[in-house]
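Listed below, chain by chain, are the residues.
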Amino acid sequence: MGGAAVALLAATRRSSIPLVTSSLPRAARGLHEAAAAAGEDKARTRRRRSSSSSFLGPDITDTWDPPPRPAASPLPPRAAGVDYESTATIIDGKSIAEDIRLQVAEEVLQMKNAVGHVPGLAVVLVGDRKDSQSYVRFKVKGCEEVGIKSLLAELPRNCTEDEVVDSVSRFNEDPSVHGVLVQLPLPQHMDEQKILNAISLDKDVDGFHPLNVGNLALRSRKPLFVSCAAKACLELLLQSGIDLMGKHVTIIGRSKVVGLPTSLLLQRHHATVSVIHAYTENPEEITRGSDIVISAAGVANLVRGSWLKQGAVVIDVGTNPVEDPASDFGYRLTGDVCFEEAVNVASAITPVPGGVGPVTIAMLLANTLDSAKRVYGLSD
Ligand SMILES: Nc1nc2c(c(=O)[nH]1)N[C@@H](CN(C=O)c1ccc(C(=O)N[C@@H](CCC(=O)O)C(=O)O)cc1)CN2
C-alpha cells in the first residue's frame with residue numbers, strides 16, 4: 001500500500017466522522033440493506049455539516065439533442081462571491097467520496113493482511129481527449145490513495161478495434177486484475193458494443209455488461225456490478241437523508257452510464273421514476289412535478305429554476321465546459337442545472353464540480369474492492 005493510502009488510513013483513525021455505512025461495500029449485501037444502512041445517523045451528520053415502434057431500433061441516441069424550444073429567459077449574471085441567500089443544503093460530494101475512500105482503504109488493508117493480495121483495476125484509454133485523460137487520472141490517483149493497484153493501457157486514436165479488444169483480453173486474463181474498464185467515449189469509428197462485450201462479466205466494474213444491466217432491471221436478481229455514476233447518485237441521496245420510497249424522481253437523460261441504471265436502481269428503492277429525454281414533450285412540466293430531479297443531459301444550464309418544484313432535491317451529473325475568459329484555462333465546468341436559480345428553489349442540491357463526480361470515482365474503487373473480495377472469498 002502506498003504512502004497516500006497509509007496517510008488516508010491514519011486519517012480514518014483520527015477522524016471523528018463515522019465511516020461510511022451505506023451502499024458502498026454493502027452493495028454486495030443488497031439494496032434494501034443499503035437503504036437502511038444509510039439511515040438517520042449519517043443523515044444527521046451531513047445535515048449538520050453543512051415503442052417498440054417499427055422505426056425506432058435499439059440504437060436510439062444517448063445524447064440530449066433537444067428539438068428547438070422557445071428561448072429561455074436569459075441566465076442571471078454570475079458574480080463571484082455573491083451570496084444567493086438560499087436555504088438549500090449543498091450536498092458535499094467531496095466529503096462523501098472521502099468517507100468512501102477511507103472505508104475502501106481500510107478494507108484493502110484487511111485484504112492484504114488476510115490473503116496477501118490487493119485489488120487491481122485496469123483502465124483502457126483510447127485517444128487523446130483531454131476530459132477522458134483527466135478522468136482516468138482521477139481513477140489512477142484514487143487507486144493510489146486507497147492501496148488498489150492500477151494498470152493503464154493507452155492506445156492512440158487511430159488504433160484498431162482489435163487492438164483495444166486485445167488489451168481488454170490481456171487484462172481479463174490477468175489474475176491480479178479484478179476490474180477492467182474502457183474509458184468512454186471511444187473514438188467515433190469504433191464499435192463500442194463490440195469492445196465493451198470483450199470485458200469479462202466478473203470484472204465489469206463499470207456495470208455496463210448486458211447481464212449486469214439485466215439483473216439490475218429484474219427485481220429478484222442481483223447484478224455483480226452497478227454503474228458507478230448511478231451508485232453515486234443513490235449514495236448522495238441516501239447520505240443526505242432523502243427518503244426515496246414513493247417519491248417522484250425525474251431523470252433527465254437515458255444513457256447506459258447514468259440515466260438507465262439510475263432509473264433501475266431507484267425503482268429498487270421504491271421510487272416512482274420518470275426518464276425524460278430529447279424527444280419528451282413538456283420536460284419542464286414533468287420536472288416541476290418531481291420531488292427529486294437527477295440531470296445527466298450534458299447540456300449546460302438546461303434545468304432552470306422554473307423547472308423545479310419548491311423544495312425539490314437536485315442531483316446534477318453534468319460536467320459541461322463553458323467558456324470563461326476569467327478562468328486560467330479559458331473555461332470552467334458547469335452542470336446541467338442553473339445553480340444560481342436552482343439553489344433558491346431546491347431544498348438540497350449537488351454542486352458542479354464537487355458533487356457527483358468525486359463520488360463516481362469513489363464508487364469505482366468500491367466496485368473494484370467488491371470484485372476482489374468475491375475472488376478471494378471475502379464477500380459477506
Ligand atoms: N468507462 C466509463 N466512461 C465514462 C464514465 C464512466 O463511469 N465509465 N463516466 C463519465 C466520466 N467520468 C468517469 O469516467 C467522470 C466524470 C467526471 C468526474 C469528476 O470527478 N468530475 C469533477 C470535476 C472534473 C474536473 O475538475 O475536471 C467534479 O464533478 O467535481 C469523474 C468521473 C464518462 N465516461
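Computed from a predicted structure; not experimentally measured.

Draft legend 1. Molecular detail of the domain arrangement of the protein chain. Domain boundaries in the protein chain define domain 1 (1–17 + 119–205) and domain 2 (226–358). Placing a centre on the C-alpha atoms of domain 1 and another on those of domain 2 gives a separation of 26 Å.

Draft legend 2. Examining the UniProt feature "domain: Tetrahydrofolate dehydrogenase/cyclohydrolase NAD(P)-binding" (unreviewed entry) in the protein chain more closely. As recorded in UniProt, the sites labelled "domain: Tetrahydrofolate dehydrogenase/cyclohydrolase NAD(P)-binding" (unreviewed entry) are residues 227–374. End-to-end, the C-alpha atoms of residues 227–374 are 18 Å apart, and along that stretch the chain is 34% helix and 19% strand.

Draft legend 3. Molecular detail of the nonpolar core. One finds Cys233, Leu237, Val314, Ala342, Ala346 and Leu365 to be the most contacted residues of the largest nonpolar core, which totals 90 residues. For this core, the element with the highest residue contribution is helix α14 (residues 356–375), accounting for 10 residues. When residues of this core are assigned to domains, at least three fall in each of domain 1 (1–17 + 119–205) and domain 2 (226–358). In this structure Val314 touches Val293, Leu308, Val337, Ala342, Ala346, Ile349 and Thr350, once residues within four positions along its chain are discounted.

Draft legend 4. Region of interest: the site of the ligand. Surveying the vicinity of the ligand reveals 21 residues, the closest of which are Tyr135, Leu181, Leu184, Pro353 and Gly357. Every element with two or more residues in the shell around the ligand is listed here: α6 (130–146), β4 (179–182), α10 (228–239) and α14. Considering every element that reaches the shell around the ligand, the biggest residue donor is α14, with four residues. Class assignment for the residues of the shell around the ligand results in 13 nonpolar, seven polar and one charged. Two domains each donate at least three residues to the shell around the ligand, and these are domain 1 (1–17 + 119–205) and domain 2 (226–358).

Draft legend 5. View of the sheet that holds strand β2 (residues 120–126). Taken together, the three strands give an open sheet; going across it, the order is β3-β2-β4, and neighbouring strands pair in parallel fashion. The strands lining the two open edges of the sheet, one partner per strand, are β3 (149–155) and β4. Each adjacent strand pair in this sheet contributes to an overall mean axis angle of 15 degrees, direction not counted. Of the strand pairs in this sheet, β2 and β4 are connected by four bridges, and their pairing is parallel.

Draft legend 6. Summary view of the sheet that holds strand β1 (residues 89–90). With respect to topology, six strands assemble into an open sheet ordered β1-β11-β8-β7-β5-β6, the strand pairing being parallel. Among the strands making up the open sheet, the edge pair consists of β1 and β6 (272–276). Alignment of strand β8 (residues 313–316) against strand β11 (residues 348–349), held across two bridges, turns out to be parallel. The residue of β11 that forms the bridge with Val313 is Ala348.

Draft legend 7. View of helix α7 (residues 161–173). Compared with the 18 Å implied by 1.5 Å per residue over 13 residues, the 18 Å span of α7 between its first and last C-alpha is a close match. Residues of α7 that are buried: Val164, Ser167, Val168 and Phe171. Mapping the buried residues of α7 onto a view down its axis gives an arc of 95 degrees, with all of them on the same face. Residues of α7 that are exposed and point more than 90 degrees away from the buried face comprise Asp162 and Glu173. Residues of α7 that are buried in the fold lie against β2, β3, β4 and α8 (192–197).

Criteria and cut-off values
- Residues numbered from 1 in each chain as written.
- Predicted model: local features only at pLDDT ≥ 70, side-chain atom pairs only at ≥ 80, totals over all residues.
- Domains from an automatic or database assignment.
- UniProt positions renumbered as here; feature names shortened; annotations may be inferred.
- Helix = DSSP H or I, 4+ residues; strand = E, 2+ residues; numbered from the N terminus.
- Core = buried A, V, L, I, M, F, W, Y, C linked by C-beta atoms within 7 Å.
- Buried ≥ 20, exposed ≤ 12 C-beta atoms within 10 Å, placed from the backbone.
- Contact = placed C-beta atoms within 7 Å.
- Near = placed C-beta within 6 Å.
- Nonpolar A, V, L, I, M, F, W, Y, C, P; charged D, E, K, R; others polar.
- Pairing = 2+ DSSP bridges.
- Axes fitted to C-alpha atoms, helices over the stretch in contact; angles between N-to-C directions.
- Expected span 1.5 Å × (residues − 1).
- Arc of directions from axis to C-beta.

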